[in-house]
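Residue-level structure breakdown
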Amino acid sequence: MRGAHKREERVQPRSWQKPEEHKTKPMSYAIEAQNLTKRFGDFTAVDAISFNVAQGEIFGFLGANGAGKTTAIKMLIGLSRPTEGDASIAGFDVYRETDQIKENIGYMSQKFSLYEDLTIAENIRFYGGIYGLSRKRIKTKTTEIIQELGLEEYVNRLVGDLPLGWKQRLAFAIAGVHDPKIIFLDEPTGGVDPATRRQFWEMIYEAADRGVTIFVTTHYMDEAEYCNRISIMVDGRIEALGSPAELKQQFQTDSMDEVFLKLVRA
Amino acid sequence: MIKIFLAFVRKELFHILRDPRTLAILFGMPVALVLIFGYTVTNEFKDASVAIFNEANDDLSYQLVDHLTASGHLKLVTSVRTTAELEQAFQSNQVKMGIVIPAGFEDDFFRQRKADVQLIADATEPNYATTLTSYARQMIATFQQNQNGTSGVQPYQVSTEIRMFYNPQLEGAYNFVPGTVALILMLICAMMTSLTIAKEKETGTMDLLLVSPLPPIVIILGKVTPYAILSFIDAIIVLFLGYYLFDVPVRGSLVLLLALVLLYLLVALALGVLISTKAPTQQTAMMTSMFALLMPTMLLSGFLFPIASMPSLLQYISKIIPAKYFIQIEQAIMLKAAGWDAVAFPALILFIMLIVLLTAAWRNFQVVYK
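Residues numbered from 1 in each chain as written. Chains lettered and ligands numbered in written order. Predicted model: local features only at pLDDT ≥ 70, side-chain atom pairs only at ≥ 80, totals over all residues. Heavy atoms only, no water.

**Considering the interface of chain A and chain B**
Put simply, the rule reads: It only takes one pair of heavy atoms within 4.5 Å for two residues to be counted as in contact. Put simply, buried area is how much 1.4 Å-probe accessible surface two parts lose in total, over both of them, once they are put together. Any Lys or Arg side-chain nitrogen located within 4 Å of an Asp or Glu carboxyl oxygen qualifies as a salt bridge. Residues adjacent in sequence count toward polar contacts only when both atoms are side-chain atoms; beyond that, a polar contact is any pair of N or O atoms within 3.5 Å, and within protein one must be able to donate a hydrogen and the other to accept it. Strands here are runs of E lasting at least two residues and helices are runs of H or I lasting at least four, both read from the DSSP assignment and numbered beginning at the N terminus.
Between chain A and chain B, the residue contacts involve 20 residues of the former and 17 residues of the latter. Carbon and sulfur atoms supply 62% of the area buried between chain A and chain B, which totals about 1,700 Å² over both sides. Our count for the contact surface shared by chain A and chain B stands at one salt bridge. Here A:Asp117 and B:Lys199 are joined by a salt bridge, their closest N and O atoms 3.6 Å apart. Viewed at the interface, chain B and chain A are joined by two residue pairs in polar contact (both at pLDDT 80 or more). Those elements giving two or more residues to the side of chain A that touches chain B turn out to be α2 (98-104), β6 (105-108) and α3 (120-130) of chain A. The element that contributes the greatest number of residues to the side of chain A that touches chain B is α3(A), accounting for three residues.

What follows is the structure, encoded as structure tokens:
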């Protein structure tokens, strides 16, 4: 099984290090982007962004609407071909090795993306199936996910009947059904209350503790605080990059909201 | 209160005027329907293709042929020398009626004072066949009058015998069963496929599929296969019901028929996939399918209205409608017992359509997801 057995061997930089210190051995990064650019005609949606994400890190990818976050994430997960620049995901090149990348990543889009007319178990079976998991593996995974989320009573209920917060947590669990090394979350918690978001983030932490790298875009500044490091995009460029504490210091304020507003208004 | 009401009406008007699709329905639909019904729901026809089987080859028979074709309503497409040749012309849908003038026509007319003409019509489209034969019968009657002069007495007579080929009882079912199969397949394959793919896009599950290691071709095949199987079963059900309830036979090869059902079904699926690559939502997919597929399939394929009765512009449009060729294939195999050679041409056109549609769908898919 991919990834699953390798976890123990991996370094788990829970206290993350500054990216520059890693440059000597770049293979240890889960995500590397160097001058990554996407142009649509005259319009430059993503303008030469560079950043590295360490394994097991929770990396927040922030930006105003239309700043180019979704375009950037699409290039990283192989849904869109970069115009220029380099990037590698789990050590695989985004131009040439998209197939390997796909096997090593999980993805949860901003639209809640499970099949509402299938039951919980059927959704797990389907997504496990398209990643080529064995029937036995799908069975154990199903039990695991159901137990983890406490959904025992609802296994055979249609996903459409679940409350939104549960759907989102289920979608996250399913994004990790094939034990990917990196999980990309595109605004995963839209439309739910802070308490439910908190529960969702507990799941993210558990995954990160197991060595899974998390790349997450969000609008909520309280969520930004949960990340090990964040980058803030403005008009296609990364204008700030660092831990929440560093950024607050850099912009001489004590809230992420202020950091964000200062950058976006500038 | 009236102010509030007007504010509401104004808002609604903006919705309508800014949505090209709603506008298309509001103004496009009535215009299109009036034109189609006005021009095609008549018993008139122009340039109906006929074959002459002239065994007489005497002066009077030539005069009769001239008389029949002079009006411009009947177009002489081919001359045949045997009944088998006439049947071939029917099978390949080359002609709709054959006019048989027996040997010794002139002699019979002047000596026996009574000559025969036989009209053989392809009755797979019963209404059209009836219109055609009654027109020809009238023309023959005027021919007889011209020969006799206007004196009132008609000593010399031409009697017309009419035969309805393939469908002597003029059963409407012979026409609507093949048409229904064509419509059902288009409905299920094209419309349902475009809807189901658009649904994946709308709900965001498409992104998840594209991020997975599944190759795009597998995603598309996986989506369309169930519809292909189900609609194939549907086609068999309609043929079965047609046979047992309405006595619509399959006189030709069932295997050949089903093979071509499969070809048509693939064309419909390709259309559905093509629409879905362009349509971002189910609503758009639905509207596009309705306008681009269902209405043309019903109105311009020859299912409800004979293509030969349509104005030439609509006849040209009908040439790009897959159902037209498929209905022609069905009628040929089911009713005229035609073999492979008679349906090869429409089958080839469907095949070319399939290749073009698949190429277009594939290119769109690449553009959207790269």
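**Some remarks on the sheet that holds strand β1 (residues 29-40) of chain A**
All names here are of chain A. To keep it simple, the criterion reads: Whether two strands pair depends on DSSP finding at least two bridges between them.
Reading across from one edge, β2-β1-β4-β5 is the order of the four strands in this open sheet, with antiparallel pairing throughout. Edge strands, defined here as strands with exactly one partner in the open sheet, are β2 (43-54) and β5 (92-93). Summarising the sheet, β1 and β2 pair through eight bridges and their orientation is antiparallel. Paired with Ile31 across the two strands is Val53, which belongs to β2.

**Focus: helix α3 (residues 59-70) of chain B**
Residue and element names in this part refer to chain B. Selection criterion: Take the number of residues in a helix, subtract one, and multiply by 1.5 Å to get its expected span. Relative accessibility thresholds used throughout: buried, under 20% of the residue-type maximum; exposed, over 50%; partly exposed, between the two (1.4 Å probe, protein chains only). Within this analysis, the arc is defined by the directions that extend from the helix axis to the C-beta atoms.
For α3, built from twelve residues, the straight-helix expectation of 16 Å at 1.5 Å per residue is met to within 8% by its first-to-last C-alpha distance of 16 Å. For α3, every residue scored as buried is listed here: Leu60, Ser61, Leu64, Val65, His67 and Leu68. Projected down its long axis, α3 carries its buried residues within an arc of 160 degrees, all on one side. Exposed and facing more than 90 degrees away from the buried side of α3 are Asp59, Asp66 and Ala70. One or two residues past the end of α3 sits Gly72, with phi positive at roughly 90 degrees.

**Some remarks on the domain arrangement of chain B**
How large an interface is tends to be reported as the accessible area lost when its parts come together. Residue and element names in this part refer to chain B. Let me state the cut-off plainly: Note that the domain bounds were set by an automatic or database domain assignment.
Domain annotation of chain B identifies domain 1 (48-165) and domain 2 (173-368). Taken over C-alpha atoms, the centre of domain 1 sits 39 Å from the centre of domain 2. Taken together, the contact pairs ten residues of domain 1 with 14 residues of domain 2. In total, about 990 Å² of surface goes out of reach between domain 1 and domain 2, with carbon and sulfur atoms giving 54% of it. Along the contact surface separating domain 1 from domain 2 lie one salt bridge. The partner of Lys336 in a salt bridge is Asp122, and the shortest N-O contact between them spans 2.8 Å. The interface formed by domain 1 and domain 2 includes three residue pairs in polar contact (both at pLDDT 80 or more). When contributions to the side of domain 1 that touches domain 2 are tallied by element, the ones reaching two or more residues are α4 (83-91) and α6 (126-148).

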